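Here are the chains, one letter per residue:
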Amino acid sequence: PPRLRLPPGALEGARRLRTAPGPALFMAREAYTLRFGSLADEYCRRIVEWCIAAGIRVFWNSSTPLICHDFCVAVGTVPLAVAVALATLCDAVISMRSGFSDLVAMCARGQPHLVFYPPTRYPYSRLSWLDWCSLRAMGIHSVIERANAFNASSELIDETSSTQAWLR
């Protein structure tokens, strides 16, 4: 299976961001090539709120924090290599499928990682997004992959509950 190495200095930069003790989650909502429903943002908000209440620091891969709280840290402006290194220093990662998911999974093969795919087809294939670019199929066995459109409240409720159980 593919393996990547972090560039020199990336880990040091990440360690400067991950100074606070305690559990941490890295969450990457942005997936530029995939589209999720309107409830994807609500899912992220609920997970971040739950993490904060549980004392879990969340590194949010955006330029602004999702929730204004000391435990929700926006890291979307750090260099990509530092963001990947930071994700590998966290206890778990949640991401909407993107190239970032590949980088984290291939740098930290044992990292607990929850990845979402839309339940639609890859545009140039008959395969679904999950079947076309599955990290598990690439040999990353620590990842849990789910297809979810985040269009219906039942999808939001089920996924929020499932994620909270996974994070426990």
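Visitor: Help me understand the overall build of the chain, please; the structure alone is not making it clear to me.
Guide: For the chain, the count of helices and strands is six helices and six strands. The helix and strand sequence of the chain, counted from the amino end, reads α-β-α-β-β-α-β-α-β-α-β-α. Over its C-alpha atoms the chain spans a radius of gyration of 15 Å, differing by no more than 12% from the 15 Å that the globule rule assigns to 168 residues. Taken over the C-alpha atoms alone, the chain extends approximately 45 × 35 × 25 Å along its principal axes. For the chain, contacts bridging at least 24 residues in sequence account for 61% of all contacts bridging at least 6. Accessible area of the chain: about 8,300 Å², with a carbon and sulfur share of 54%.

Visitor: Explain the nonpolar core to me, please; I cannot follow it from the model alone.
Guide: Core analysis: the biggest nonpolar cluster contains 35 residues, and Leu25, Met27, Tyr43 and Ile94 have the highest contact counts within it. Sorting the residues of this core by element identifies strand E1 (24-28), helix H2 (40-53), strand E2 (57-60), strand E4 (92-96), helix H4 (99-107), strand E5 (113-117) and helix H6 (153-167) as the ones contributing at least two each. Those residues in contact with leucine 25 that lie beyond four places of it in its chain are Ile47, Cys51, Ile56, Arg57, Val58, Phe59, Cys90, Ala92, Val93, Ile94 and Leu167. Listed in part, the 17 residues of the second largest apolar core include Ala28, Val75, Ala87 and Cys90.

Parameters at a glance
Residues numbered from 1 in each chain as written. Predicted model: local features only at pLDDT ≥ 70, side-chain atom pairs only at ≥ 80, totals over all residues. Heavy atoms only, no water. Helix = DSSP H or I, 4+ residues; strand = E, 2+ residues; numbered from the N terminus. Rg over C-alpha atoms; globule rule 2.2 N^0.38 Å. Contact = heavy atoms within 4.5 Å. Areas by Shrake-Rupley, 256 points an atom, 1.4 Å probe, with all protein chains shown as cover. Core = buried A, V, L, I, M, F, W, Y, C linked by side-chain atoms within 4.5 Å. Buried < 20%, exposed > 50% of the residue type's maximum accessible area, 1.4 Å probe, protein only.

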